[in-house]
Amino acid sequence: MTGFGGPGDHRAREPGDDPEAVASQIADAVDGLAALWTVAAQDASMRLSPHQLRALRAVQTAPGLNLTSLADRLDIGLPTASRLCDRLAAAGLLERAPHPDTRREVQLRLTAHGRTVLTDVADRRAHALAVALAAMRPAEREALREGLRGFLATRDPAPPRADEPHGD
């Protein structure tokens, strides 16, 4: 069997290398990982919904983010983002502060408690993942690592380094 679907692609496939079959297996694995991820987060010191965790992570990665930018990042409406922030602020995880240059704009920042909760969730998730990986054979872990590197390289190619010649 040849080709991955495009004309002129003549790479030979190995048995079991059908991209559709592999995609289905990966989808099953992702479902399992998502379940592991969710359960680990629910065991944290403070129980938060996946939506709340995504919002806190967005603010963590972009401190000072405004409400509109948060709504855009989460792909939710502005009123929903506002209510979400109200709940997170009431729980002591998030604070709103006036923008230093624009009085009408509010910046979002994690509180110390918010940072602690996110660290707890990250630690629990990393531990749960480490337990699952420990159950795998070393060769399987290495194959997974290499496969993920390859996948990520196709999804987010690194920009060329300054010391590399440009391919013009």
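What counts, and where the lines are drawn
- Residues numbered from 1 in each chain as written.
- Predicted model: local features only at pLDDT ≥ 70, side-chain atom pairs only at ≥ 80, totals over all residues.
- Heavy atoms only, no water.
- Salt bridge = Lys/Arg side-chain N within 4 Å of Asp/Glu carboxyl O.
- Helix = DSSP H or I, 4+ residues; strand = E, 2+ residues; numbered from the N terminus.
- Buried < 20%, exposed > 50% of the residue type's maximum accessible area, 1.4 Å probe, protein only.
- Pairing = 2+ DSSP bridges.
- Axes fitted to C-alpha atoms, helices over the stretch in contact; angles between N-to-C directions.
- Parallel < 35°, antiparallel > 145°, perpendicular 65-115°, else oblique.
- Left-handed = near helix turned anticlockwise from the far one by under 90°.
- Contact = heavy atoms within 4.5 Å.
- Core = buried A, V, L, I, M, F, W, Y, C linked by side-chain atoms within 4.5 Å.
- 1 Å grid on protein atoms, 1.4 Å probe; cavity = no way out; pocket = protein on both sides within 12 Å on 5 of 7 lines; lining within 4 Å.
- Points joined across faces, edges and corners; volume = space filled by probe spheres on them.
- Nonpolar A, V, L, I, M, F, W, Y, C, P; charged D, E, K, R; others polar.
- Expected span 1.5 Å × (residues − 1).
- pLDDT = per-residue confidence, 0-100.

## Structural notes on the pattern of salt bridges
Stage number 1. Summed over all chains, the structure comprises 5 salt bridges.
Stage number 2. Put simply, Asp86 and Arg96 hold a salt bridge, and the shortest N to O gap is 2.7 Å. Remark: Arg96 occurs in strand β2 (residues 94-98) and Asp86 occurs in helix α4 (residues 78-90); sequence separation between them is 10 residues.
Stage number 3. Relative accessible area serves as the criterion here: at 39%, Asp86 is assigned to the partly exposed category.
Stage number 4. We classify Arg96 as partly exposed; its relative accessible area is 37%.

## What to know about the pairing of strand β3 (residues 106-110)
Stage number 1. As defined by bridge partners, strand β1 (residues 65-66) adjoins β3 across 2 bridges and the pair is classed as antiparallel. Among the inter-strand pairings, Leu65 is bridged to a residue of β3, identified as Leu108.
Stage number 2. Taken together, the 5 bridges between β2 and β3 define a ladder with antiparallel strand orientation. Counted as the bridge partner of Arg96 is Leu108 from β3.

## Details of the packing of helix α1 (residues 19-42) against helix α5 (residues 112-134)
Stage number 1. Running from N to C, α1 and α5 cross one another at 135°; their axes reach a closest spacing of 8 Å. Judged by the inter-axis angle, α1 sits oblique to α5. Helix-helix and strand crossings are classified by hand; for α1 and α5 the assignment is right-handed. Residue-level inspection shows Leu33, Leu36, Trp37, Ala40 and Ala41 of α1 in contact with α5, the latter providing Val121, Arg124, Arg125, Ala128, Leu129 and Ala132.

## Comments concerning the nonpolar core
Stage number 1. Among the nonpolar cores identified, the biggest contains 25 residues, and Leu56, Val59, Leu70, Leu88 and Leu94 are the most heavily contacted of them.
Stage number 2. Of all the secondary-structure elements, those providing two or more residues to this core are α2 (50-61), α3 (67-74), α4, β3 and α5.
Stage number 3. Per-element accounting of this core gives the leading share, 5 residues, to α2.
Stage number 4. Dropping the residues within four chain positions of it, Val59 is found in contact with Leu65, Leu70, Leu94, Leu108, Arg109 and Leu110.

## Focus: the layout of surface pockets
Stage number 1. Approximately 640 Å³ is the volume found for the largest pocket.
Stage number 2. What lines the largest pocket is a set of 17 residues, and nearest its centre among them are Ile26, Ala29, Leu33, Leu144 and Leu148.
Stage number 3. When residues of the lining of the largest pocket are assigned to their parent elements, the largest contribution, 7 residues, is made by helix α6 (residues 138-155).
Stage number 4. Within the lining of the largest pocket, the residues separate by chemical class into 13 nonpolar, 2 polar and 2 charged.

## A short note on α2
Owing to its 3.6 residues per turn, the α-helix aligns residues three or four sequence positions apart on the same side.
Stage number 1. For α2, with 12 residues, the first-to-last C-alpha span of 16 Å sits near the 16 Å given by 1.5 Å per residue.
Stage number 2. Among the residues of α2, Gln52, Leu53, Ala55, Leu56, Ala58 and Val59 are the ones counted as buried.

## Section: the confidence of the model for the protein chain
Caution applies to low-pLDDT regions: their predicted coordinates should not be interpreted in detail.
Stage number 1. Taken as a whole, the protein chain shows an average pLDDT of 84; of its residues, 83% reach a score of 70 or greater.
Stage number 2. Overall, residues 1-12 carries pLDDT values under 50, and its contacts beyond four positions in sequence, including any with other chains, amount to 13 contacts.

## Here's the deal with unusual backbone geometry
Stage number 1. Positive phi is not limited to glycine here, since Asp75 has a value of about 55°.
Stage number 2. What makes Asp75 exposed here is its relative accessible area of 72%.

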